[in-house]
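The lines below spell out each chain.
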Amino acid sequence: MKRMSTVALLVLGTSFLGMLLLMRFDPDDFARLDTAATLFAQQFNTWQSVAPLIAITTLGGVSGILLLTTLAVFLSRRDSLQVARLISVVAGQALSVSFIKLSLERARPETVDWIGPIHSYSFPSGHATSTIALVGVVAVYMFARAKSRLHQAAIVLLAVLFVLSVGMSRIALGAHYASDVLAGYLLGGFWVAFVFTLQPPKKWRKQDTLSE
């Protein structure tokens, strides 16, 4: 697990850094991707489909509920290592998203008719980052404890579908460009890989079955 985390850390970190540099110095490189994704998403901008999209994007925004629920589970099992990992992921992704948004100051898409005006910057998507960070920690925890390959496959599938749904809802509702969401996935995934790569203190190593 630790070797996989290290590889993921390097790949995700390098990919996000590449996107960040391109966004800083040549943001037009993302124009084709963003335009294609926006045009595709416009077909969902109808009264019939907007309600489910808003419900999905709301689920992605209530990360505090998922955080509290997960903390309660970890605390009830006295799993202090996973509590520390979860808090580190939440703090790391939140601080990095805020810092990068203020540094780049990328404007939101011009049309956000369904959810009204948004008064924060666009890159990276906070919804995408926080969703993959929180879901990632929980999914890794559950995956390591699954009793069969079928259960592991179900955990991965559900996690991927949920994360992708939140990201697509942000694009379809006009809250983000596709490049914002992709950057959020990379950044959130980086933080998940980061906390599972770190060597835990000695007192927690007996709990660290996820890094073997």
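Engineer: How would you sum up helix 5 (residues 80–104)? Please name residues and give values.
Structural biologist: Taking 1.5 Å as the rise per residue, helix 5 with 25 residues should run 36 Å; its terminal C-alpha atoms sit 36 Å apart, in good agreement. Looking one or two residues past helix 5, E105 carries a phi angle of roughly 55°, positive in sign.

Engineer: With reference to specific residues and values, describe the packing of helix 6 (residues 126–145) against helix 8 (residues 178–197).
Structural biologist: Where helix 6 meets helix 8, the closest approach of the two axes is 7 Å, and the angle between their N-to-C directions is 35°. As for how helix 6 packs across helix 8, the hand of that crossing is right-handed. Facing A128, T129, I132, A133, G136, V137 and V140 of helix 6, the residues of helix 8 in contact are V181, G184, Y185, L187, G188, G189, V192 and F196. Across the contact of helix 6 with helix 8, the residue classes break down as 10 nonpolar, 5 polar and no charged.

Engineer: Tell me about the layout of surface pockets, residues and numbers included.
Structural biologist: In this structure, the largest pocket occupies an estimated 680 Å³ of space. Surrounding the largest pocket, 22 residues form its lining, G136, A139, V140, V156 and V192 being those nearest its centre. If you list the elements that add at least two residues to the lining of the largest pocket, you get helix 1 (2–25), helix 6, helix 7 (149–172) and helix 8. When the residues that make up the lining of the largest pocket are grouped by side-chain class, the tally is 19 nonpolar, 3 polar and no charged.

Engineer: Describe helix 8, naming the residues involved and giving the relevant values.
Structural biologist: Between the first and last C-alpha of helix 8 there are 29 Å, a value that for 20 residues agrees with the 28 Å anticipated at 1.5 Å per step. With respect to burial, helix 8 is a largely interior element, 17 of its 20 residues being buried.

Engineer: Account for unusual backbone geometry, naming residues and giving values.
Structural biologist: Here the bond from F123 into P124 is cis, since omega is -5°, no more than 30 degrees from zero. The phi dihedral of E105 is positive, around 55°, even though this residue is not glycine. By the element assignment, E105 lies in the loop between helix 5 and helix 6. On the accessibility criterion, E105 (48% relative accessible area) is partly exposed.

Engineer: Outline the side chain of T197, supporting the account with residue identities and numerical values.
Structural biologist: For T197, the position within the fold is in helix 8. Reaching out from T197, the side chain makes a polar contact with the backbone oxygen of A193 at a distance of 2.6 Å.

Engineer: So, the nonpolar core: which residues are in play, and what are the values?
Structural biologist: Counting 14 residues, the largest nonpolar core has V163, I171, V181 and Y185 as the members making the most contacts within it. Elements supplying a minimum of two residues to this core: helix 2 (31–41), helix 6, helix 7 and helix 8. Examining the composition of this core, we find that 5 residues originate from one element, helix 7, more than from any other. Setting aside residues up to four positions removed in sequence, Y185 forms contacts with A128, I132, V163, L164, G167 and M168. Grouped together as the second largest cluster of nonpolar side chains are 12 residues, M19, I100, F123 and A183 included.

Engineer: Residues and numbers for the pattern of salt bridges, please.
Structural biologist: Across all of its chains, the model carries 2 salt bridges by this definition. Between D34 and R106 there is a salt bridge whose closest N-O contact spans 2.9 Å. Highlighted residues: D34 in helix 2 and R106 in the loop between helix 5 and helix 6, separated in sequence by 72 residues. Residues R106 and D180 are paired through a salt bridge, measuring 2.6 Å at the closest nitrogen-oxygen approach. Of this pair, R106 sits in the loop between helix 5 and helix 6 while D180 sits in helix 8; the two residues are 74 residues apart in sequence, bridging distant segments of the chain. With respect to burial, R106 and D180 carry one shared label: buried. Overlapping salt bridges bring together D34, R106 and D180 as one network.

Engineer: Explain the packing of aromatic side chains residue by residue, including any values.
Structural biologist: The description of two aromatic rings rests on the distance between their centres and on the angle between their planes. In total, this model carries 3 aromatic pairs according to the counting rule given. Consider the rings of F190 and W191, whose centres lie 5.7 Å apart with planes at 80°: the pair is edge-to-face. Between F190 and F194 the ring centres are 6.2 Å apart and the planes differ by 20°, which places this aromatic pair in the stacked class. Of the two residues, F190 and F194 both sit in helix 8, 4 residues apart, roughly one turn of that helix. Here F190 falls in the partly exposed class, since its relative accessible area comes to 22%. Its relative accessible area of 30% is what places F194 among the partly exposed residues. Through a chain of ring-to-ring contacts, three or more aromatic side chains come together here, namely F190, W191 and F194.

Rules used throughout
- Residues numbered from 1 in each chain as written.
- Predicted model: local features only at pLDDT ≥ 70, side-chain atom pairs only at ≥ 80, totals over all residues.
- Heavy atoms only, no water.
- Helix = DSSP H or I, 4+ residues; strand = E, 2+ residues; numbered from the N terminus.
- Expected span 1.5 Å × (residues − 1).
- Axes fitted to C-alpha atoms, helices over the stretch in contact; angles between N-to-C directions.
- Left-handed = near helix turned anticlockwise from the far one by under 90°.
- Contact = heavy atoms within 4.5 Å.
- Nonpolar A, V, L, I, M, F, W, Y, C, P; charged D, E, K, R; others polar.
- 1 Å grid on protein atoms, 1.4 Å probe; cavity = no way out; pocket = protein on both sides within 12 Å on 5 of 7 lines; lining within 4 Å.
- Points joined across faces, edges and corners; volume = space filled by probe spheres on them.
- Buried < 20%, exposed > 50% of the residue type's maximum accessible area, 1.4 Å probe, protein only.
- Polar contact = N/O pair within 3.5 Å; in protein donor to acceptor, adjacent residues only side chain to side chain.
- Core = buried A, V, L, I, M, F, W, Y, C linked by side-chain atoms within 4.5 Å.
- Salt bridge = Lys/Arg side-chain N within 4 Å of Asp/Glu carboxyl O.
- Phe/Tyr/Trp six-rings, centres within 6.5 Å; stacked < 30°, edge-to-face > 60°.

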